[in-house]
Amino acid sequence: MTLSRRRVYVLPTRAGVTFALVLVAMLLGAVNYANSLAFALTFLLGSLAVVSMIHTVRNLYGLVFTAGHARGVFAGETANFPIAIENPGRITRLGVSLELPNQGALLADVAGGSTHWVELRLPAERRGRLRLPRCTASTRFPLGLFHAWGYLRLDMDCAVYPRPAGQRGLGPLVSAQAGQGAEHGPGVDDFASLRNYHPGDSLRHIHWKAAARGQGLLTKQFGGEVSRELWIDWETTPGRGTEERLSQLCLWVLEADEQGLAYGLGLPGLRIDPGRGDGHRRRCLEALARFGEQP
């Protein structure tokens, strides 16, 4: 979003109004005593005020604000919304402020021809999707006599996962255990082959040398004993209410990911096949965050 002339508003600050009243008093005094030096000083200060208003508006005009990627957080934490402030001009913009309703303001200085990143912080109180509300970009540069501002409506949201809570321990959910008596097949021990990359595969298993040779993204497959696999299912989850059961499922997903297990997630109307890695964990957590939303 670019702050054009029609998007920038300006009004005098309290200091600006006081300054204007002082100028009026000085002008009345200059008229009463017919003092040419008082006239000169009054008009000089008035012209400086007009020039400062032009610079205040110019400090915002033309700035480009771009929404970044907001990472998911758990309920009760603080969500960070990264925003890039791009200054396409050659003049440095000083004292640019970004502010959310009922939140503290962030000040930034953006050099000419550069981009400056800031992060707006917003409490994530409830599970679901947290949208970035309308924020305000403003400045009082250079003298503080005028306040220029513009409203920013950026299409940006953040996934708020359920708060992890409940019973710890995955023993009853494990369907196959690595070790003595486990079946042989795809596992985690010895390299077996390469296959095409699928979204959600662990970045540690990507064959980066092949990608550097221009052969595309390939994922390493390993053989050996079958790694432990479990199903995390809504129907077998203890809890009285919806949020309590979602918190329990969230805790089990995090525990399974920490232990390197291949796990699947079953929700009413949704079934995610077993997998592992950061992409799989994020897909499961986002499914828990969106549970119950209207399509």
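Keep in mind the model is a prediction, meaning the values are calculated, not measured.

Draft legend 1. Representation of the overall build of the protein in the model. Regarding its fold elements, the protein presents five helices and 17 strands. Long-range contacts, defined here as pairs at least 24 residues apart, represent 67% of the contacts in the protein between residues at least 6 apart. With an accessible surface of roughly 17400 Å², the protein has 53% of that area assigned to carbon and sulfur atoms.

Draft legend 2. Representation of the sheet that holds strand β3 (residues 73–74). On the basis of which strands lie adjacent, the open sheet formed by three strands has the order β3-β11-β8 and mixed pairing. Of all the strands in the sheet, just β3 and β8 (128–131) have a single pairing partner and so form its edges. Sheet strands touched by helix α5 (residues 278–290): β3, β8 and β11 (157–161). Its angle to β11, the strand with the most contacts, is close to 90 degrees.

Draft legend 3. Molecular detail of α5. In this model, α5 (13 residues) spans 18 Å end to end at C-alpha, consistent with the 18 Å of a helix rising 1.5 Å per residue. By the burial criterion, the buried members of α5 are Gly279, His280, Cys284, Leu285, Ala287, Leu288 and Ala289. Those residues of α5 that are buried lie in contact with β3, β8, β11, α4 (242–258), β16 (262–267) and β17 (270–275). Immediately downstream of α5, the backbone of glycine 292 shows phi near 90 degrees, a positive value.

Draft legend 4. Main features of the packing of aromatic side chains. With the rule as written, the count across this model stands at five aromatic pairs. Their ring planes at 50 degrees and their centres at 6.3 Å tell us that tyrosine 9 and tyrosine 151 sit as a pair that is tilted. Of the two residues, tyrosine 9 sits in strand β1 (residues 9–12) while tyrosine 151 sits in strand β10 (residues 146–152), which places them 142 residues apart along the sequence. A relative accessible area of 39% places tyrosine 9 in the partly exposed class. Ring geometry for phenylalanine 74 against tyrosine 161: centres 5.4 Å apart, planes inclined by 70 degrees, an arrangement best described as edge-to-face. Of this pair, phenylalanine 74 sits in strand β3 while tyrosine 161 sits in strand β11; the two residues are 87 residues apart in sequence, bridging distant segments of the chain. An aromatic cluster of at least three residues, connected via ring pairs, comprises Tyr9, Trp149 and Tyr151.

Draft legend 5. Focus on the packing of α4 against α5. In the contact formed by α4 and α5, the axes pass within 10 Å of each other and the chain directions differ by 175 degrees. Between α4 and α5, the interaxial angle falls into the category roughly antiparallel. Contacts between α4 and α5 involve Leu246, Leu249, Cys250, Val253, Leu254 and Asp257 from the first element and Arg281, Cys284, Leu285 and Leu288 from the second. The residue makeup of the contact of α4 with α5, split by class, is eight nonpolar, no polar and two charged.

Draft legend 6. View of the sheet that holds strand β7 (residues 115–123). Pairing in this open sheet of three strands is antiparallel, and the strands run β2-β4-β7 from one edge to the other. Because the sheet does not close on itself, it has two edges, and the strands there are β2 (64–67) and β7. Sheet twist, expressed as the average angle between the axes of neighbouring strands with direction ignored, equals 30 degrees. Strand direction decides the pairing type here: β2 and strand β4 (residues 78–86), joined by four bridges, are antiparallel. Bridging across to β4, alanine 67 finds its partner in isoleucine 83.

Draft legend 7. Highlighting the pattern of salt bridges. Tallied over the entire structure, the rule returns eight salt bridges. In this structure, aspartate 155 and arginine 131 form a salt bridge, with 2.8 Å as the shortest nitrogen-oxygen distance. With aspartate 155 in the loop between β10 and β11 and arginine 131 in strand β8, this residue pair connects regions lying 24 residues apart in the sequence. The exposed category is assigned to aspartate 155, whose relative accessible area is 66%. Residue class for arginine 131 comes out partly exposed when judged on its relative accessible area of 46%. Overlapping salt bridges bring together Arg129, Arg131, Asp155 and Asp157 as one network.

Draft legend 8. The arrangement of a nonpolar patch on the surface in detail. A contiguous nonpolar surface patch, about 290 Å² in accessible area, is contributed by Leu27, Val31 and Phe43. Given the relative accessible area of 54%, phenylalanine 43 is considered exposed.

Draft legend 9. Fine view of the packing of helix α1 (residues 14–33) against helix α2 (residues 36–58). Between α1 and α2, the least distance of the axes is 9 Å, while the angle of their chain directions is 155 degrees. In terms of axis orientation, α1 runs roughly antiparallel to α2. Crossing hand, α1 versus α2: left-handed. Two secondary-structure elements touch here, α1 through Phe19, Leu23, Met26, Leu27, Ala30 and Val31 and α2 through Ala38, Phe39, Leu41, Thr42, Phe43, Leu45, Gly46 and Ala49.

Draft legend 10. Focus on α1. Between its terminal C-alpha atoms α1 stretches 29 Å, which fits the 28 Å expected from 20 residues at 1.5 Å a residue. Taken as a whole, α1 has its buried residues at Gly16, Leu23 and Ala30. For α1, the arc enclosing every buried residue in end-on projection is 40 degrees, short of the 170-degree limit, so these residues lie on one face. Residues Arg14, Leu21, Leu28, Asn32 and Tyr33 are exposed on α1 and point more than 90 degrees away from its buried face.

Parameters at a glance
Residues numbered from 1 in each chain as written. Predicted model: local features only at pLDDT ≥ 70, side-chain atom pairs only at ≥ 80, totals over all residues. Heavy atoms only, no water. Helix = DSSP H or I, 4+ residues; strand = E, 2+ residues; numbered from the N terminus. Contact = heavy atoms within 4.5 Å. Areas by Shrake-Rupley, 256 points an atom, 1.4 Å probe, with all protein chains shown as cover. Pairing = 2+ DSSP bridges. Axes fitted to C-alpha atoms, helices over the stretch in contact; angles between N-to-C directions. Expected span 1.5 Å × (residues − 1). Buried < 20%, exposed > 50% of the residue type's maximum accessible area, 1.4 Å probe, protein only. Phe/Tyr/Trp six-rings, centres within 6.5 Å; stacked < 30°, edge-to-face > 60°. Parallel < 35°, antiparallel > 145°, perpendicular 65-115°, else oblique. Nonpolar A, V, L, I, M, F, W, Y, C, P; charged D, E, K, R; others polar. Salt bridge = Lys/Arg side-chain N within 4 Å of Asp/Glu carboxyl O. Patch = residues over 30% accessible without salt bridge, like charges linked within 9 Å, V, L, I, M, F, W, Y side chains within 5 Å. Left-handed = near helix turned anticlockwise from the far one by under 90°. Arc of directions from axis to C-beta.

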